[in-house]
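Survey of secondary and tertiary structure
Here's the letter readout for the chains.
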Amino acid sequence: MSKKKKTGTSLLYQLIGEARGYDDVIIMGRGDPDFDTPPHIVAAAKEAMIHHHNDYTPPQGLLPLRQAIAERVKRVNNIDVDPESEVVVTNGGQEALFLMVLAVTYPGDEMIVPEPNYNTYADSLAFAGGVKVEVQTYAETDFRADPQDIRKAITDKTRSLLLVSPNNPAASVIAPNDMREMLDIAVEHDLMILADDIYDLFVYDDFQHVSPASLPGGKERALTLNALSKAYSMTGWRLGWIVGPADLMARVTELKAAVSGGASVISQYAGIAALTGPQDAVEMMAEAYRRRRRMVLDALDEMSMKYGMPQGGQFVFADIGFTGLDSAEVAQRMLTEQHVLAYPGSAFSKDRKDYLRMTFLQPEDQLMEGLERMKVAMDNIMAEKQ
Amino acid sequence: MASNTKGAILARHRANDDLNTPLLPQVARGDSDLAADGMRGPLDERIIAAASAALENGHTHYVDVPGIGPLRDAIADYLKGAAGGHYRQGNIVITAGLQESRFLSVQMIGEQYDSIAVPAVIHPGLRKALGLRSRNPRTIAVSQAKGYLPSIEAIAQAASDGCRLFYLESPSRLSGAAYAADEVAAINQIIAEKDAAVIWDQGLAPWVEGAYASFAALDSDCARTAAIGEAYSGMGLASWFIAYIAAPEAWVSSMQSQKQIMAICTSTASQYAALEAGQLYNEARGRQLSRLAQLRADLLSAASEAGLSVVGGEAVNVMALKLSEDNMKKISRAGIDFAAGSLFGAPDVIRLNVNHSTAAALRALS
């Protein structure tokens, strides 16, 4: 009996499941930082358990947390929001993403999505009955989304434009000039913008991230998501947010209430501590990612692998087309033979069967070991090919 | 410049009454708030210690989408013991609160059916969950005499009319009324004969004195029932948003996929706290049940003396009253918040939580 070939999210979960069976596995797939949550945030959670475990929390979140989020998006993203009416707290960036897509999509509506992109956007769009219109980007141009390609993809059914910067999985950052041009296009064609800023603290070299909502004319048509998962190593706490114009955020609030009602009060107090407390742990982690990124790029250069230069984020999207194999097969062989988990590009886009996404979210010794094993896997594949 | 696109989105949103149904607060906003769905309560220091230790030991990362294994085991065992369900770890999904349980179950199980039969009086969270993406709800009439639960005849009629998926509460989240064992058996016969399925909200079951009849207990193959409820209610975890779905593995698979899409997993702090709460539950719940039962009995006496019409119900943590609009205003003027029956579909009823403040609501009426 032949098993149905898994794709997208289910393919990733199949690989994650198999990876659990190997004691010595090195995970270079999932976007879960190896650092534990900084101790002062854990301490704040413990305090909340003692003093606030019964606190009422509305669907949009505790006001002090929304105030901290408003201050953060002003400081980091230059977006002005009213914490009373323009911030909704979510169960992580993932729920923010889901709600954001639902907020602007009715069945039949088209959303323009620069590809490759995080697979959950396609899943959420499918749930809403929307239609994904892909705009391709390429490694040769470091996965730059060309505003003119976006313009060409617009039809009379287009309602929104998705801008994930830094991008997942391609790690490209939309340049300020491109962002301005994309916003102009959105205004010209009256499109809503969904901005995913979750990697905004991880931008490398001289690249610069600009939030579309910070630009003139951007805020009233943009919903912007972020979360504490990546920057504060808080993936298990499930805490994120959406900010946007009050009228649209009223809809987001109702959607949030319909989907899950609220967010854990303990996570919310931990979130307040994260956003308002010392930030040195964030900088320490960012510095570690800068070093590790360099390690990965050096190793890929040694293997003569091509990639789009990761301008931001926490991963590299590398071309494995030279193997002649589908990325799902390469990922499977790396896992089975070398116990290294990387995500196949085909899980992110049907047109990216030649790519692997590798994170640099492991301690440096493990990362080095993982890269060495990956080289062995690639050498084996190439030896068989010859 | 005004956006027509946004204007159109908002116009459609405003027209969606179900999605805009107000939700009741998850926990009380103060002593005079008797409207909340969840129960406030002290948090045992052992729960604090367990959750803190988990966080301090690095359980701050993603965990499995359907929940950590030990908690899924614990919930399965609890359901076997408390309600006679036939569950194993693979049948359990840990959710970020009861509303997520509602949403996942009606949306994902609902995808497999043409329609979903919904009692005319039901928790507003269900209408809200269906308002986001309609699963073609069909209304089942309810019986006032049955505490606003649908009668067996009404359920049979809906099945005869072609409905194959039912959403039922027992106890009712408005009145606390629960189906008796013979009624549950009769529902099971209807469901089995029609090869239908049930989403069974049993969240108030821990507060039924005496035997509780769960539909899940009759589903020996675990083939046609998704039971939902809060994880260890009454243990001070209402604001931690933790609940469960217990369902056939085939349904778990689709709900797990959707949970991944919309949340990845449930907060680890909440899960480790619930795990410890489960260890303490039988004893703690027993004490609380006795206290609430005595309190409610006293309140019923007071209500009777005041000539008030109490809607019959078995769950002792709530009390529903049939009231005139004037009497509802009297309670509001006394500064007491209540859950309006209009949100459930019964405009002449209110629900009061049973606690030390409930007597003040009755005094406002006498």
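As the structure is a prediction and not an experimental result, all values here were calculated from the model.

Rules used throughout
Counting from 1, residues in each chain are numbered in the order their sequence is written. Note on labels: chains are lettered from A, ligands numbered from 1, in written order. A pLDDT threshold of at least 70 governs which residues receive local features in this predicted model, and a stricter bar of 80 or more applies before side-chain atom pairs are shown or counted, although totals over entire chains, interfaces and linings include all residues. Processing note: side-chain calculations cover all non-hydrogen atoms of the structure and skip hydrogens and water entirely. Secondary structure elements are defined from DSSP: runs of H or I of at least 4 residues count as helices, runs of E of at least 2 residues count as strands, and each element is numbered from the N terminus. Each radius of gyration reported is based on C-alpha atoms, and the globular scaling rule is 2.2 Å times the count of residues to the power 0.38. The rule is simple: take the accessible area with a 1.4 Å probe, protein chains only, and divide by the maximum for that residue type; under 20% is buried, over 50% is exposed, in between is partly exposed. What makes two residues a contact is simply this: any of their non-hydrogen atoms within 4.5 Å. Per-residue and other accessible areas were derived by the Shrake-Rupley procedure at a 1.4 Å probe size, with only the shown protein chains allowed to occlude residues. Counted as positive: Lys and Arg. Counted as negative: Asp and Glu. His and the chain ends are not counted at all. Charged groups are reduced to one reference atom each: NZ for lysine, CZ for arginine, CG for aspartic acid, CD for glutamic acid. Every helix has an expected span of 1.5 Å times one less than the residues it contains. The arc refers to the directions leading from the helix axis to the C-beta atoms. Pairs of N or O atoms are called polar contacts if they sit within 3.5 Å, as long as, within protein, a hydrogen donor faces a hydrogen acceptor (for residues adjacent in sequence, only side-chain-to-side-chain pairs). Note on method: axes are straight lines fitted to C-alpha atoms, helices fitted across the in-contact stretch only, with angles between N-to-C directions ranging 0 to 180 degrees. In this scheme, roughly parallel covers angles under 35 degrees and roughly antiparallel covers those over 145, while 65 to 115 is roughly perpendicular and the rest are oblique. Polar here means any residue other than Ala, Val, Leu, Ile, Met, Phe, Trp, Tyr, Cys and Pro, which are nonpolar, and Asp, Glu, Lys and Arg, which are charged; Gly is therefore polar. For this analysis, a salt bridge means a side-chain nitrogen from Lys or Arg found within 4 Å of a carboxyl oxygen belonging to Asp or Glu. For the purposes of this description, domain bounds are those given by an automatic or database domain assignment. Put simply, buried area is the surface a 1.4 Å probe can reach on two separate parts but cannot reach once they are joined, added for both. In this description, strands pair whenever DSSP reports at least two bridges between them. The term nonpolar core refers to a set of buried residues drawn from Ala, Val, Leu, Ile, Met, Phe, Trp, Tyr and Cys, joined through side-chain atoms within 4.5 Å.

1. Quick notes on the overall build of chain B
- When its secondary structure is counted, chain B shows 12 helices and 11 strands.
- Over its C-alpha atoms chain B spans a radius of gyration of 20 Å, differing by no more than 12% from the 21 Å that the globule rule assigns to 366 residues.
- If one aligns the C-alpha atoms of chain B with their principal axes, the spans along those axes are about 60 × 55 × 50 Å.
- Here chain B, with 366 residues, has 63% of them falling under the buried criterion.
- Taking the contacts inside chain B whose residues are at least 6 apart along the sequence as the reference set, 73% of them involve residues at least 24 apart.
- As presented, chain B carries roughly 13000 Å² of accessible surface, and 46% of it is formed by carbon and sulfur atoms.
- Treating the 31 positive side-chain charges of chain B as one cloud and the 36 negative ones as another, the clouds have centres 6 Å apart.

2. Some remarks on helix H2 (residues 39-51) of chain A
- The first and last C-alpha atoms of H2(A) sit 18 Å apart over 13 residues, in line with the 18 Å expected at 1.5 Å per residue.
- Ile41(A), Val42(A), Ala45(A), Ala48(A) and Met49(A) are the residues of H2(A) that are buried. One face of H2(A) carries all of its buried residues, which in axial projection span an arc of 115°. Exposed and facing more than 90 degrees away from the buried side of H2(A) are Pro39(A) and His51(A).
- Contacts from the buried residues of H2(A) go to helix H9 (265-276) of chain A together with helix H2 (45-56) of chain B.

3. Here's the deal with the side chain of Gln136(A)
Residues and elements named next belong to chain A.
- Topologically, Gln136 is positioned in strand S4 (residues 131-136).
- Polar side-chain contacts of Gln136 include one of 3.2 Å to the side chain of Asp351.
- Setting aside chain neighbours within four positions, we find Gln136 in contact with Glu115, Asp149, Asp351 and Arg352.

4. A few points about the packing of helix H8 (residues 246-259) of chain A against helix H4 (residues 98-109) of chain B
- Packing of H8(A) against H4(B) brings their axes to within 7 Å, and their N-to-C directions diverge by 85°. In terms of orientation, H8(A) and H4(B) fall into the roughly perpendicular class. Along its contact with H8(A), which presents Ala257(A), Ala258(A) and Val259(A), the element H4(B) presents Gln99(B), Glu100(B) and Phe103(B).
- When grouped by side-chain class, the residues that make up the contact of H8(A) with H4(B) number four nonpolar, one polar and one charged.

5. Regarding the pattern of salt bridges
- Counting across every chain of the model gives 43 salt bridges over all chains.
- For the salt bridge of Lys375(A) with Asp379(A), the shortest nitrogen-to-oxygen distance reads 3.3 Å. Here Lys375(A) pairs with Asp379(A), and both are found in helix H12 (residues 364-385), just four residues apart, close to one helical turn.
- Lys375(A) sits in the partly exposed class, given a relative accessible area of 32%.
- The class for Asp379(A) is partly exposed, based on a relative accessible area of 40%.
- With its nearest N and O atoms 2.7 Å apart, the salt bridge here joins Glu249(B) to Arg88(B). Here Glu249(B), found in helix H9 (residues 249-262), pairs with Arg88(B), found in the loop between helix H3 (69-83) and strand S1 (92-95); they are 161 residues apart in sequence, far enough to count as distant.
- The network of salt bridges with common partners includes Glu115(A), Lys132(A), Glu134(A), Lys350(A) and Asp351(A).

6. What about the domain arrangement of chain A?
All names here are of chain A.
- Domain assignment breaks chain A into domain 1 (8-30 + 281-385) and domain 2 (54-276).
- If you average the C-alpha positions of domain 1 and of domain 2, the two centres end up 26 Å apart.
- Residue-level contacts link 28 residues of domain 1 with 32 residues of domain 2.
- Sorting the residues of domain 1 by area buried against domain 2 places Gln311, Phe348 and Arg352 first, and these three jointly supply 27% of that buried surface.
- Our count for the domain 1 to domain 2 interface comes out at two salt bridges.

7. What about the pairing of strand S8 (residues 240-243) of chain A?
Residues and elements named next belong to chain A.
- Burial along S8 is two-sided: Gly240 and Ile242 facing one way and Trp241 and Val243 facing the other are all buried.
- In the sheet, strand S2 (residues 87-90) pairs with S8 via four bridges, with the strands oriented antiparallel. Paired with Val87 across the two strands is Val243, which belongs to S8.
- Two elements, strand S7 (residues 222-227) and S8, share four bridges in a ladder whose sense is antiparallel. Across the sheet, Leu225 pairs through a bridge with Ile242, a residue of S8.

8. A short note on the side chain of Arg251(A)
- With respect to the element layout, Arg251(A) can be found in helix H8.
- Buried within the structure, Arg251(A) lacks any salt-bridge partner; its nearest side chain of opposite charge belongs to Asp109(A), at an N-O separation of 8.1 Å.
- Once residues lying within four places of it in the same chain are set aside, the contact partners of Arg251(A) are Leu102(A), Ala103(A), Tyr106(A), Ile9(B), Leu10(B), His13(B) and Leu19(B).

9. A word on the sheet that holds S2(A)
All names here are of chain A.
- One open sheet accounts for seven strands, arranged S2-S8-S7-S6-S5-S3-S4; its pairing is mixed. Looking at which strands have only one partner, the edges of the open sheet turn out to be S2 and S4. On average, adjacent strands in this sheet sit at an angle of 20° to one another, irrespective of strand direction.
- Of the pairings in the sheet, the one linking strand S5 (residues 158-164) to strand S6 (residues 192-196) comprises five bridges and is parallel in character. Across the sheet, residue Val164 finds its bridge partner in S6, namely Asp196.

10. Points about the environment of Gln208(A)
Residue and element names in this part refer to chain A.
- Mapped onto the fold, Gln208 is located in the loop between S6 and S7.
- Each C-alpha atom, one on Gln208 and one on Gly312, is 9.0 Å from the other, the two residues being 104 residues apart in sequence.
- Residues contacting Gln208, with those up to four places away along its chain left out, are Val173, Ile174, Pro176 and Val203.

11. Quick notes on the interface of chain B and chain A
- Taken together, the 58 residues of chain B in the interface contact 65 residues of chain A.
- Roughly 5100 Å² of surface becomes buried between chain B and chain A when both sides are summed, with 61% attributable to carbon and sulfur atoms.
- Taken together, the links from chain B to chain A amount to four salt bridges.
- Looking at the side of chain B that touches chain A, the elements with two or more residues in it are helix H1 (4-14), H2, H4, helix H5 (124-132), H9 and helix H10 (268-305) of chain B.
- Top contributing element to the side of chain B that touches chain A by residue count: H1(B), with seven residues.

12. Things to note about the nonpolar core
- In this structure, Leu223(A), Leu300(A), Phe166(B) and Tyr232(B) are the most contacted members of the largest nonpolar core, which totals 266 residues.
- Per-element tally for this core: the top contributor is H10(B), with 14 residues.
- Discounting chain neighbours no more than four positions away, the residues touching Leu300(A) are Met305(A), Tyr307(A), Val316(A), Ala318(A), Met358(A) and Met374(A).
- Counting 12 residues, the second-largest nonpolar core is a separate cluster that includes Leu24(B), Val311(B), Phe344(B) and Val349(B).

13. Observations regarding the packing of H10(B) against helix H12 (residues 358-365) of chain B
Residues and elements named next belong to chain B.
- Orientation of H10 relative to H12, taken along the N-to-C sense of each, is 5°, at an axis distance of 10 Å. If you check the angle between H10 and H12, you find them roughly parallel. Taking contact as the criterion, the partners of Leu299, Ala302 and Ala303 in H10 are, on H12, Thr358, Ala359 and Leu362.
- Class assignment of the residues belonging to the contact of H10 with H12 gives a composition of five nonpolar, one polar and no charged.

14. Quick word on unusual backbone geometry
- Of note, the amide linkage connecting Glu115(A) to Pro116(A) takes the cis form, showing an omega dihedral of 0°.
- Examined against the element boundaries, Pro116(A) turns out to sit in the loop between strand S3 (110-115) and helix H5 (119-128).
- In the Ramachandran plot, Tyr148(B) falls in the positive-phi region, its phi being about 70° despite a non-glycine side chain.
- With a relative accessible area of 5%, Tyr148(B) lands in the buried category.

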